Amino acid sequence: MDGASTILVVFLFCLSGVGAEDPYLYHTWKVTYGTISPMGVPQQGILINGKFPGPTINGTSNNNVVVNVFNEIDEPLLLTWGGIQQRKNSWIDGTLGTMCPIMPGTNFTYKFQVKDQIGSYFYFPTTGMQRAAGGYGPINVHSRELIPVPFDWPTDEFNVFLSDWYNKGHKTLKKILDSGRSITRPDGLVINGKHGKVGDKLDPLFKMEPGKTYRYRVCNAGLRTSVNFRFQGHNMIVVEVEGSHTVQNDYKSLDLHVGQCLSVLVTASKEAKDYYLVASSRFFKQEFTTVAIIRIGNGGPATPELPPPPPAHKEGIAWSINQFRSFRWNLTASAARPNPQGSYHYGQINITRTLKLVSSQVKDGGKLRYAINGVSHTDPDTPLKLAEYFEMPGRLFKYDIMKDNPPDNLEKVTVAPNVVNATFRNFVEIIFENHEKTIQTYHLDGYSFFAVGIEPGKWSPAKRKNYNLVDAISRHTVQVYPNCWAAIMTTLDNAGMWNLRSEMWARAYLGQQFYFSVLSPERSLRDEYDLPEKQALCGIVKGAKKPPPYTM
């Protein structure tokens, strides 16, 4: 080959790499029923490829993820990718407001990109009360090689799922809620689908080598229970919370609320033997506890004395709020994006809209409903996003039936699809006020937000002086303690239809949720992807004429 030909080949090779797509991860999942016994009582669980918890999605920032889901259970099914921001792509968000469910005996292929993200997340089913039966698993997103991680690479990493558990099956729980009653407290707690007691003969959950450091990615996948976890004889260093690297503080125990995930580093610094990983319920009069075995070296029996839980009742709430305030964004760490995390000066952006949201528990026709600002959401047979896209929303719902501030009388309730019309790229402040006696957790799909403050009492504009406007963590869930408020801020720059919901699943199922409709002024592919070609259609849009496609 002569010199000119060599140059041409090199040029064409380089040209072929320009604009090349990011790597793809392919998964095929069969969702089935199977008998499981987390609390020693055999019951019907939801398995993915025969596993509970399900398979791990293990990727890197900007990876494209393709998951072909075969629904082999006897109910419609949807999976959501909790905390993963599908930029411009609410079509596959996995909620009944955005897409048609996967019917029994059929399959659907989810395609999304883990864009500009790192961190610990989990997927789970959103239809009915299926989350009570399993069907969840981990999503681990690593930093790209060119972007340094602010801690030494651990020897290994482990996924831990903490969850409350009901011996009643998910269909029974759904029937209880549909009948107008509330579900009772759970039967106990489980770690990775198993309940353990001190003195039980337990196989080790994980094994560590003496002197080595390990990353534990811990998620609370439960239905309603905040959990505290701790390692016998070992402290933890928090390094990541819901996709944000944190200032690396040392903790003996950590509260983790429903729907939340974080990462801790644990060094096997003590003698080689077994140690208990302990999880206990928070803010219940009756405490539930479960344990698992972590083995260091060849092992030896774990001592029966467990590390004590943090304070309970009012002291426990103050303790937990202080722990929330101790989580700070690591402004010196690199982010998934090329620019440093500290460049996002969210505290200097003018607020364009404030929503104050108050939850309530009400009776409608003698049946229990949960509401936000007096509106209890219900899902029509047609996904709201599809009705909006096909330009027929008026046949299903009205925008803005929920006001930005709570009404004077929260005992009244409107049961209807709850869609809030949002302005594209507005910077919004959302206040959650909890007037009830139980802790709550809220999640926003499609976005991360800055959790800037939590305090006892009621919120007022004067409380803004207490916000953390410098290094609050960018995350996607926030807890709201009894008789307290929580404040978050975010820019609504991700076009689509996005679900804001209680993570206490019975509350979400009975209406404590709504959707932000974030419409771009133009039907532009720069702002939002077009309806996927093979997207399932149902309800009033099935067979309807498709609108003109989005353009550049």
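Residues numbered from 1 in each chain as written. Predicted model: local features only at pLDDT ≥ 70, side-chain atom pairs only at ≥ 80, totals over all residues. Heavy atoms only, no water.

Overview of the overall build of the chain
Formally: For the purposes of this entry, the term helix denotes a DSSP run of H or I that reaches at least four residues, the term strand denotes a run of E that reaches at least two, and both are numbered from the N terminus. Note on method: radius of gyration uses C-alpha positions; expected globular size equals 2.2 Å times residues raised to 0.38. Throughout, exposure labels follow a simple rule: accessible area from a 1.4 Å probe, protein chains only, divided by the maximum for the residue type, with under 20% read as buried, over 50% as exposed, and the rest as partly exposed. Per-residue accessibility takes into account occlusion by the displayed protein chains alone, with areas from the Shrake-Rupley method and a 1.4 Å probe. Note that His is not counted, nor are the chain ends; the positive residues are Lys and Arg, and the negative ones are Asp and Glu. Lysine's charge is taken at NZ, arginine's at CZ, aspartate's at CG and glutamate's at CD.
The number of helices and strands found in the chain is five helices and 33 strands. Expected size for 552 residues packed as a compact globule is a radius of gyration near 24 Å; at 24 Å, the chain falls within 12% of this value. A burial count over the chain gives 57% of its 552 residues as buried. With the model as given, the accessible surface of the chain reaches about 23000 Å², and the carbon-plus-sulfur share is 53%. One finds the centroid of the 58 positive side-chain charges in the chain at a distance of 5 Å from the centroid of its 49 negative side-chain charges.

Observations concerning the sheet that holds strand 5 (residues 79-82)
Quick note on the threshold: Here, a strand pair is defined by DSSP locating no fewer than two bridges between the strands. Axis lines are fitted to C-alpha atoms, over the contacting stretch for helices. Their N-to-C directions set the angle, which ranges from 0 to 180 degrees.
Spatially, the four strands line up as an open sheet ordered 3-8-7-5, and their pairing is mixed. Of all the strands in the sheet, the pair left with one neighbour each is strand 3 (57-60) and strand 5. When the angles between neighbouring strand axes are averaged without regard to direction, this sheet yields 20°. Pairing of strand 3 with strand 8 (residues 137-142), which is carried by four bridges, proceeds in the parallel orientation. Bridging from a neighbouring strand, Ile-57 pairs with Ile-139 of strand 8.

Let's talk about helix 2 (residues 170-178)
This is how the line gets drawn: The arc under discussion is defined with respect to the helix axis, by the directions toward the C-beta atoms. Here, residues are in contact when the closest pair of their heavy atoms is within 4.5 Å.
Among the residues of helix 2, His-170, Leu-173, Ile-176 and Leu-177 are the ones counted as buried. Down the axis of helix 2, the buried side of the element spans an arc of 120°, and every buried residue falls inside it. Its buried side turned inward, helix 2 meets strand 1 (24-36), strand 2 (43-48) and helix 5 (505-509).

Details of the pattern of salt bridges
A side chain of one charge can pair with a side chain of the opposite charge if their charged atoms are brought near each other. How we decide: In the sections that follow, a salt bridge refers to a side-chain nitrogen of Lys or Arg positioned within 4 Å of a carboxyl oxygen of Asp or Glu.
For the coordinates displayed, the defined rule picks out 22 salt bridges. The salt bridge involving Arg-215 is made with Glu-240; its shortest N-O contact spans 3.2 Å. Of this pair, Arg-215 sits in strand 12 (residues 213-220) while Glu-240 sits in strand 14 (residues 236-241); the two residues are 25 residues apart in sequence, bridging distant segments of the chain. Looking at Glu-240, the relative accessible area reads 0%, which means it is buried. Between Asp-471 and Arg-328 there is a salt bridge whose closest N-O contact spans 3.0 Å. Taken together, the residues Asp-471 in the loop between strand 28 (449-456) and strand 29 (474-475) and Arg-328 in the loop between helix 3 (313-326) and strand 21 (353-364) connect sequence positions 143 residues apart. A single network of salt bridges, built from pairs that share partners, joins Arg-131, Asp-445, Arg-501 and Glu-503.

What about the confidence of the model for the chain?
What counts is decided by this rule: As a per-residue quantity, pLDDT reports the predictor's confidence and falls between 0 and 100.
Of all residues in the chain, 95% have pLDDT values of 70 or greater, and the mean over the chain is 93. Note that pLDDT drops below 50 for residues 338-343; the model gives that stretch ten contacts with residues more than four away or on any other chain.

What to know about unusual backbone geometry
The omega torsion of the bond from Phe-52 to Pro-53 falls at -10°, within 30 degrees of zero and hence cis. Within the secondary structure, Pro-53 is located in the loop between strand 2 and strand 3. One non-glycine residue with positive phi stands out, namely Lys-88, at about 60°. Counting through the fold element by element, Lys-88 comes out in the loop between strand 5 and strand 6 (107-113). Its identity as a non-glycine residue notwithstanding, Glu-391 has a phi of 60°, on the positive side. Mapped onto the elements, Glu-391 comes out in the loop between helix 4 (384-389) and strand 24 (414-415).

Here's the deal with helix 3
Definition in use: The span you would expect from a helix comes to 1.5 Å times its residue count less one.
Compared with an ideal rise of 1.5 Å per residue, which puts 14 residues at 20 Å, helix 3 spans 20 Å between its outermost C-alpha atoms and is within 8% of the ideal. Every buried residue belonging to helix 3 is among Gly-316, Ile-317, Ser-320, Ile-321, Gln-323 and Phe-324, and all of these are buried. End-on, the buried residues of helix 3 take up no more than an arc of 160°, which puts them together on one face. Of the exposed residues in helix 3, the ones pointing more than 90 degrees away from its buried face are Lys-314 and Glu-315. Against the buried residues of helix 3 lie strand 16 (250-251), strand 17 (254-256), strand 28, strand 29, strand 30 (477-480) and strand 31 (484-491).

Digging into the state of the cysteines
The test is simple: Note that a disulfide, as used here, is simply two cysteine sulfur atoms within 2.5 Å.
Using the criterion set out here, one finds two disulfides in the structure. What pairs with Cys-100 in a disulfide is Cys-538, and their sulfur atoms sit 2.1 Å apart. Taking the torsion about the sulfur-sulfur bond, which here is approximately -95°, the covalent link between Cys-100 and Cys-538 counts as left-handed. With Cys-100 in the loop between strand 5 and strand 6 and Cys-538 in the segment after strand 33 (513-519), the pair connects residues that are 438 residues apart, well separated along the chain. Judged on exposure class, the residue Cys-100 and its partner Cys-538 are both buried. Bridging Cys-219 to Cys-261, the disulfide has an S-S length of 2.0 Å. Negative torsions about the S-S bond denote left-handed disulfides, and the value of about 110° found for Cys-219 with Cys-261 makes this one right-handed. Placement of Cys-219 in strand 12 and of Cys-261 in strand 18 (residues 261-267) is noted, with a sequence separation of 42 residues between them. The exposure class of Cys-219 is buried, given its relative accessible area of 3%.

Observations regarding the side chain of Ser-143
Its place among the elements puts Ser-143 in the loop between strand 8 and strand 9 (156-165). Aside from chain neighbours lying at most four places away, what touches Ser-143 is Thr-60, Ser-61, Ile-118, Val-149 and His-245.

Here we look at the pairing of strand 4 (residues 64-71)
Judged by how many residues are buried, strand 4 sits mostly within the fold: seven of eight residues are covered. Relative to strand 4, strand 1 is paired through eight bridges, and the arrangement is parallel. Following the sheet pairing, Val-31 is matched in strand 4 by Asn-71. The pairing of strand 4 with strand 6 spans seven bridges and is antiparallel. Bridging from a neighbouring strand, Val-65 pairs with Phe-112 of strand 6.

Some thoughts on the nonpolar core
Definition in use: Residues belong to a common nonpolar core when they are buried Ala, Val, Leu, Ile, Met, Phe, Trp, Tyr or Cys residues joined through side-chain atoms within 4.5 Å.
In terms of nonpolar packing, the biggest core is built from 34 residues, with Ile-430, Phe-432 and Phe-516 touching the most fellow members. Ignoring sequence-local partners within four residues, the contact set of Phe-516 consists of Leu-355, Val-420, Ala-422, Ile-430, Leu-444, Leu-492, Gly-496, Met-497, Trp-498 and Leu-500. In this structure, Leu-162, Tyr-216, Val-241 and Ala-279 belong to the second largest nonpolar core, which totals 33 residues.

Side note on the sheet that holds strand 11 (residues 204-208)
Spatial ordering of the open sheet is given by 11-20-19-13-17, a layout of five strands whose pairing is mixed. Looking along the sheet, the strands with just one partner apiece sit at the ends: strand 11 and strand 17. On average, each strand axis in the sheet is inclined to that of its neighbour by 25°, with strand direction left out of account. Pairing analysis gives three bridges linking strand 13 (residues 227-231) to strand 17, with the strands arranged antiparallel. Within strand 17, the position partnered with Asn-228 by the bridge is Asp-255.

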